[in-house]
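Given next are the chains, with one letter for each unit.
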Amino acid sequence: MKQRSIRLGIIGAGGIASRRVLPALAGSRLCRVVAVMDPLGAAAVAARFGVPRWYEREEELLADPEVEAVYIA
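The model shown is predicted, which means the values in this text are computed figures rather than measured ones.

Caption draft 1: Local environment of helix α2 (residues 42–49). Turning to α2, its buried residues number three or more, namely A42, V45 and A46. Along the axis of α2, the buried positions cluster into a sector of 100°, meaning they face one direction only. Away from its buried face, by an angle of more than 90 degrees, α2 presents the exposed residues A44, A47 and R48. Buried residues along α2 sit in contact with α1 (16–25), β2 (31–37) and β3 (53–55). Following α2 by one or two positions, G50 adopts a phi angle in the positive range, close to 70°.

Caption draft 2: Up close: a nonpolar patch on the surface. Taken together, the side chains of L62, V70 and I72 define a hydrophobic patch exposed on the protein surface, amounting to about 290 Å² of accessible area. With respect to the helices and strands, the residue I72 is situated in strand β4 (residues 69–72).

Reading the values: the criteria
Residues numbered from 1 in each chain as written. Predicted model: local features only at pLDDT ≥ 70, side-chain atom pairs only at ≥ 80, totals over all residues. Heavy atoms only, no water. Buried < 20%, exposed > 50% of the residue type's maximum accessible area, 1.4 Å probe, protein only. Helix = DSSP H or I, 4+ residues; strand = E, 2+ residues; numbered from the N terminus. Arc of directions from axis to C-beta. Contact = heavy atoms within 4.5 Å. Patch = residues over 30% accessible without salt bridge, like charges linked within 9 Å, V, L, I, M, F, W, Y side chains within 5 Å. Areas by Shrake-Rupley, 256 points an atom, 1.4 Å probe, with all protein chains shown as cover. Salt bridge = Lys/Arg side-chain N within 4 Å of Asp/Glu carboxyl O.

Below is the structure:
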């Protein structure tokens with residue numbers, strides 16, 4: 001049986017998340033980052049890591065129906 005990956009959103013995608021968390025998750029088969037949120041630079045982080053959606057407000061990411069779990073950096 002093939003395991004389905006969890007669709008993850010990251011709140012606070014700058015700093016530690018972009019230096020450590022996102023690179024570590026890039027090769028994971030257990031989860032897939034589908035959205036990032038950061039008030040400054042979310043678009044650049046999303047483009048750098050190939051994340052399909054980015055937000056500048058937490059409420060927007062939390063309302064995204066594709067996000068199943070959230071990592072808060």
